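Architecture and fold: a report
As a plain string of letters, each chain reads:
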Amino acid sequence: MIPFKKSWLMGILVAVVLVVYSGAFSAPFVWDDEEMVVGNPLIQKLSNIPTIFTSGPFMEKWDAGQFYRPMQTVSYTLDYAIWGGAKAPGFHATNVVIHVASTLMVMLVLEAFGLGTMMAFWAALIWGVHPMNIEAVTYVSGRGDALFMLCSLLSIWAWIKAVNGKGHYYPAAILAWGVAILSKENALPVPLIMSVYLMLRPQPQGEIESESAPWSNRNHHFLNLALVGGYIVFRLLVLKGGQSEALSWIASSVFWERVWTFPYIIFTYLRLWFLPYPLHMEYHYVAESLMDPYIWIGLPIVGGLFYGFWKLVDRRDFWFYGAWVALGLGPVDNIVLPLAATLREHWFYLSGIAMSVLCLKAAATLYARYRLCCKMPKSSHFRFPHLDEPNRVKRQMRALGILLTSLFLQNWVPVAAGVLVVLVLSGVSMVRNEDWQDALDLYEHDLQFEPRSFLLHNNVGVEYFRRQDFVKAKAAFKASIENSPSGGYGTAYNNYGVILENEGKINEAIEAFQTSINLSRYPLAYGNLGRVLLTQKRPDQAAVVLEQGVQANPFMPQLRYYLGFAYLQLNQHQRALDVFVK
């Protein structure tokens, strides 16, 4: 049973996070939502769940790309069944509920790691409202982040229980981590974080570790390493897609440029943690030489920050939470495996928990030193008196009054500072959530701060196309192609081809569709090219293109639809019937 004091603190966490993300419920589907949710036939039936485990999140074959996140897609299937279709408010509600649950779990996990209840509460509150997490919550396609975080925290909590003598929690810890890693790859370092804790935790007096003990420290480390190694082997040998190269400016750079860019990545994450402005979805910076200012200016600033933590935070906590920050950034360091952007704000989701703790511990030490210097009297340790009121409501109200008195009268300076920080972060998050209320506003806002984002240029073009402003749409698609590395963004070529087709430039449209297929095997390009070839009475060529499209994207019904008409034009009626039935 949760103690009464803690239940009030947890209630505050729930209420504040719900208020901060209240604007998310009215946000529409944007960006990848349209492929992963709105246009995804796999999520429309619960019977498709087994198929989801053999496909990618964009309905591609599971060996066709970098991502294997079946639990994310399964969660969309459950949403679709619960809400009765692809209804944006329902999908957003699920994201918010998951984030609220994660915020509560942050408090419980930090308590289990030995943090006091109040410090765990403040760390969870700051993390829960921080605007760097918005893309994991307000963005429906950020479900992978929200889900991996909740399951990772559940895994850590169960693992701590197991380490502390309750071995029957191990299956739950492994199962939760399995769901986390199948939601997003960023859960990979979680077992390593647990091993670091195990190495640094103080041993109880008189405890002598035996190598033959059923769950010795050695066995704990072996299990954690086996989980990480097993997943890596699975990605390399089974999926065979983890090595595919992402299209981004950081991915098109050479290895040493990625190494030189890493100081920018670290500096920017920390800068956004302390000063979350301006906020935008993509960052495409690449350092071109050792003379990059982030190496010579940014790194010393980062070093100075962590030197401050070193001086202010207990050594064991410094190493543990510092390692947590570093390990959390491991999958997104962009050195060994470059990703689709140099950085994205929500990639700090896991590391942000540890950063909250480091900041609070450093602030607590500074405040304690200030009190000592000023010879301020220490506040008495607060304890609940025995509450023997016969009336339950009166008893609860009395306890709440005592709690508030303890928080805001005896320790008003740190509490006031904490409230101010939470209010500022909450305000920034609520303002940023307003950007998500209209897709075009979101894309154009973010494009101001990252003009190299070919994805944003393409998204702007799509929105203008829907508004039938074809001139602006064409310009945006051309800008997307020009701003992509080596002009290699296949999706923009497909969309540009649609504009050319509408202008009656059929041959140029066919060339654009074919380029899209050659660059990225974009599913809609197969359908568009096949359809245009059919209108040109070239069914033999259309059939070849559409057969290739169906092979690469077996779960897209539009491709089979056009393929059926190609077979009809070729007088292959039985094949056409089979395809239409399929």
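Above this text is the structure in question.
Let us look at the structure shown here. (Residues numbered from 1 in each chain as written. Predicted model: local features only at pLDDT ≥ 70, side-chain atom pairs only at ≥ 80, totals over all residues. Heavy atoms only, no water.)

**Focus on the overall build of the protein**
Secondary structure assignment for the protein yields 26 helices and 0 strands. The contacts in the protein between residues at least 6 apart in sequence include a share of 69% that link residues at least 24 apart. Total accessible area on the protein stands at roughly 26,500 Å², and carbon and sulfur atoms take up 64% of it. (Helix = DSSP H or I, 4+ residues; strand = E, 2+ residues; numbered from the N terminus. Contact = heavy atoms within 4.5 Å. Areas by Shrake-Rupley, 256 points an atom, 1.4 Å probe, with all protein chains shown as cover.)

**A closer look at the packing of aromatic side chains**
Scanning all chains against the criterion turns up 34 aromatic pairs. Aromatic pair F121 and W122: ring centres 5.4 Å apart, planes at 70 degrees, arrangement edge-to-face. A relative accessible area of 4% places F121 in the buried class. Measuring from centroid to centroid gives 5.9 Å for W157 and Y169, while their planes differ by 85 degrees, and the two rings are edge-to-face. Residue W157 is located in helix α8 (residues 143–163), and its partner Y169 is located in the loop between α8 and α9 (170–181); the two are separated by 12 residues in the primary sequence. The exposure class of W157 is partly exposed, given its relative accessible area of 28%. With relative accessibility at 22%, the residue Y169 sits in the partly exposed group. Three or more aromatic residues joined by ring pairs make a cluster, and in this case those are F113, W159, Y197, F320, Y321 and W324. Of note, R315 hangs over the ring of W310, and the distance from its end group to the ring centre comes to 3.6 Å. (Phe/Tyr/Trp six-rings, centres within 6.5 Å; stacked < 30°, edge-to-face > 60°. Buried < 20%, exposed > 50% of the residue type's maximum accessible area, 1.4 Å probe, protein only. Lys NZ or Arg CZ within 6 Å of the ring centre and 35° of its normal.)

**What about the nonpolar core?**
A general trend in soluble globular proteins is that nonpolar side chains are found buried together. Ranked by size, the top nonpolar core spans 156 residues in total, and within it L110, Y321 and W324 carry the most contacts. In terms of residues, this core owes the most to one element, α8, which gives 13 residues. Core analysis: the next-biggest nonpolar cluster, separate from the first, contains 8 residues, F29, V37, F91 and V140 among them. (Core = buried A, V, L, I, M, F, W, Y, C linked by side-chain atoms within 4.5 Å.)

**Points about the environment of E450**
Mapping E450 onto the fold places it in the loop between α18 (439–449) and α19 (454–466). Apart from the residues lying within four places of it in its own chain, the contact partners of E450 are H280, E282, Y283, H284 and L456. Only 3.0 Å separates the side chain of E450 from the backbone nitrogen of H284, close enough to count as a polar contact. (Polar contact = N/O pair within 3.5 Å; in protein donor to acceptor, adjacent residues only side chain to side chain.)

**Description of helix α4 (residues 70–83)**
Compared with the 20 Å implied by 1.5 Å per residue over 14 residues, the 20 Å span of α4 between its first and last C-alpha is a close match. Three or more residues of α4 are buried, namely P70, M71, Q72, T73, V74, S75, Y76, T77 and D79. On its buried face, α4 is in contact with α2 (33–38), α3 (49–52), α5 (88–112), α8 and α9. Positive backbone phi, approximately 75 degrees, marks G84, located one or two places after α4. (Expected span 1.5 Å × (residues − 1).)

**A look at unusual backbone geometry**
For the bond from Y277 to P278, the omega torsion is -10 degrees, close enough to zero to count as cis. Within the secondary structure, P278 sits in the loop between α12 (255–274) and α13 (293–312). With phi around 65 degrees, N334 is a residue other than glycine that occupies positive phi space. Along the chain, the position of N334 falls in the loop between α14 (315–329) and α15 (349–373). With a relative accessible area of 0%, N334 lands in the buried category. Positive phi, normally seen in glycine, also occurs at S486, with a value near 60 degrees.

**A short note on a nonpolar patch on the surface**
Together, I232, V233, L236, L237 and V238 make up a nonpolar patch on the protein surface, roughly 420 Å² of accessible area in all. Counting through the fold element by element, L236 comes out in helix α11 (residues 217–239). (Patch = residues over 30% accessible without salt bridge, like charges linked within 9 Å, V, L, I, M, F, W, Y side chains within 5 Å. Salt bridge = Lys/Arg side-chain N within 4 Å of Asp/Glu carboxyl O.)

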